[in-house]
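Next come the chains, spelled out residue by residue.
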Amino acid sequence: MQSAPQFLGSYACRRCTANIASTSARRCLARSASTYTRPKSVAFASYFFHNSRWTSYASPGRLPVPSPVPARRVAQVAGQDDISYTSSITTPPIAWRRSEVLTPRRLFKVYAQLAKSRLTVLVVLTAMGGVAMSPLPATASVLFFTTVGTTLCSVAANTINQIREVPYDAQMARTRNRPLVRKAITPTHAAGFAAVTGIAGPAILWTMVNPTTAILGALNIALYAGVYTSLKRTSIVNTWVGAVVGSLPPLMGWAACGGHILPSAEYPIHIFLPSFLSSVPVDLALVDNPLAPFAFFMVLYSWQFPHFNALSYLVRASYAQAGYKMLSVVNPAKNALVSLRHTLLLIPMCSVLVPLSGLTTWAFALTSLVPNAIWAHAAWKFWRHGSEKHARTTFHHSLWYMPVILGLMMFHKQGVDWTSWIWGKQEDEDE
Ligand SMILES: CC(C)=CCC/C(C)=C/CC/C(C)=C/COP(=O)(O)OP(=O)(O)O
């Protein structure tokens, strides 16, 4: 473990530094400490209200700057005593620097960082995927307000997540430059931003789209910022909860168009057999089928495991350092096995569940086999060899896999026959 002065050199607030041996200083240490041995409960309220007064002892006249003694830490979690690495914290994670002046332009940039803008764009795109796959038409107003409402919900969820994770984000190179860690914005300001977006998002969805979409948005904020964020440091189950969070936006898009996501007497579950097994022609009136959004949800749910587990394996040292309970840290072999399991599960999902639900025609069952086979092969190699090289390949495959699978789903969408649409046009021209 690092020595107390090293941690305190970066993170103790002024009030707590008067007496470095005092309880509050120890509390500061606890909230900064990386944890294989979990810290005592982090005094969140203390962090929250002290943060704007945090200072660095690297400035002269305060406590001495700690000598940069390399700290070596060996992970010993769940019998995995083979993960060892040299901690990169040989100097305080954040050096003293003048605080940023928040011009409107900088403030916008800070808000975008709090929103994790790229993730938010992806979330909105998957919600639009739900709209695109819905058999029910969407008006321009529904499209616009679903986009705005979903964006605001995602912004709020990501902001709350960052407010809660400052001491841990500060310990990972990947997240060390986030606005709250570098103190570009106070936690109070960020909390205000989260409150405004977190109320406006569901309110817009409720009033301008429909209550079901609003409830899904609010539920997802709670699931991500509340349940998932807490579980990250307590249980590997976090990844399964995070996968639900990532799969809910398409349901929001589906619900926004008025589609039903739960079966009822009025909207029971239908199955759409392939034409060689059924003589009944597809009744497009039945395509608003609760099994369809469930199939979409499941594809996104399973996609996240090989995507996230492969990435998580590549950054496992920093996850370990910040004390996150990730499968890639506690059990790398199982981490790769879970990735493989979900790439294999995606095959029957795409080749049976999706066409059976009426979301696509049965042609999708065949065309989806190609991307599924390529990705499953990469995940199998990752599981066999457990190397970073294969983790990277599995991760890179996840990046093209999702747009390809969504594109194929759109191409084979039930009731939309692109080929006859093109041929039909040609016939029209011939006439
Ligand atoms: C509509 C609505 C509310 C949508 C929310 C969508 C959303 C925020 C999805 C995130 C999914 C997820 C588990 C990301 C990882 O977060 P992480 O905390 O592990 O990432 P980090 O390590 O980069 O902080």
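An unreviewed UniProt entry annotates the chain as Protoheme IX farnesyltransferase, mitochondrial originating from Steccherinum ochraceum. UniProt annotates the chain under Subcellular location (unreviewed entry) with the comment "Mitochondrion membrane". Reading the Sequence similarities (unreviewed entry) entry of the UniProt record for the chain gives the comment "Belongs to the UbiA prenyltransferase family."

**Points about the overall build of the chain**
The helix and strand tally for the chain stands at 18 helices and 2 strands. In the chain, which comprises 431 residues, the share counted as buried stands at 50%. Taking contacts inside the chain between residues at least 6 apart in sequence as the whole, the part at least 24 apart equals 73%. Total accessible area computed for the chain in this model is approximately 20400 Å², and 66% of it derives from carbon and sulfur atoms.

**As for the site of the ligand**
Taken together, 19 residues surround the ligand, and among them Arg-174, Arg-178, Tyr-224, Tyr-228 and Lys-232 come closest. Note that an oxygen atom of the ligand is positioned 3.3 Å from one of the side-chain N or O atoms of Asn-161. Take Arg-178: an N or O atom from its side chain is 2.8 Å from an oxygen atom of the ligand. Relative to its unbound accessible surface of 640 Å², the ligand loses 92% to contact with the protein. Those elements giving two or more residues to the shell around the ligand turn out to be α6 (117–133), α7 (140–169), α9 (211–231) and α10 (238–256). The residue makeup of the shell around the ligand, split by class, is 8 nonpolar, 6 polar and 5 charged.

**Details of unusual backbone geometry**
A positive phi angle is found at Lys-116, which is not glycine, with a value near 45°. Here Lys-116 is to be found in the loop between α5 (104–114) and α6. Since its relative accessible area comes to 15%, Lys-116 is described here as buried. With phi around 60°, Lys-183 is a residue other than glycine that occupies positive phi space. Counting through the fold element by element, Lys-183 comes out in the loop between α7 and α8 (187–209).

**Remarks on the UniProt feature "transmembrane region" (unreviewed entry) in the chain**
Residues annotated in UniProt with the feature "transmembrane region" (unreviewed entry) correspond here to residues 142–163, 184–206, 212–231, 240–262, 294–315 and 336–356. Across residues 212–231, helical content stands at 100% and strand content at 0%; the span's end C-alpha atoms are separated by 26 Å. Taken end to end, residues 294–315 comprises 95% helix and 0% strand; its first and last C-alpha atoms sit 31 Å apart.

**Regarding the packing of aromatic side chains**
Here the structure, examined in full by the defined rule, presents 12 aromatic pairs. On the numbers, 6.4 Å between centres and 50° between planes, the contact of Phe-308 with Tyr-319 is tilted. Linking Phe-308 in helix α11 (residues 291–314) with Tyr-319 in helix α12 (residues 316–322), this pair joins segments that are 11 residues apart in sequence. The same class applies to Phe-308 as to Tyr-319, namely buried. Between the aromatic rings of Trp-400 and Tyr-401, the centroid separation amounts to 6.4 Å while the plane-to-plane angle is 50°, which identifies the pairing as tilted. Among the aromatic residues, ring-to-ring pairing joins Tyr-168, Phe-308, Tyr-319 and Tyr-324 into one connected group. In this structure, Arg-233 is placed above the aromatic ring of Tyr-168, and the distance from its NZ or CZ to the ring centre is 3.6 Å.

Cut-off values and rules
- Residues numbered from 1 in each chain as written.
- Predicted model: local features only at pLDDT ≥ 70, side-chain atom pairs only at ≥ 80, totals over all residues.
- Heavy atoms only, no water.
- UniProt positions renumbered as here; feature names shortened; annotations may be inferred.
- Helix = DSSP H or I, 4+ residues; strand = E, 2+ residues; numbered from the N terminus.
- Buried < 20%, exposed > 50% of the residue type's maximum accessible area, 1.4 Å probe, protein only.
- Contact = heavy atoms within 4.5 Å.
- Areas by Shrake-Rupley, 256 points an atom, 1.4 Å probe, with all protein chains shown as cover.
- Near = heavy atom within 4 Å.
- Polar contact = N/O pair within 3.5 Å; in protein donor to acceptor, adjacent residues only side chain to side chain.
- Nonpolar A, V, L, I, M, F, W, Y, C, P; charged D, E, K, R; others polar.
- Phe/Tyr/Trp six-rings, centres within 6.5 Å; stacked < 30°, edge-to-face > 60°.
- Lys NZ or Arg CZ within 6 Å of the ring centre and 35° of its normal.

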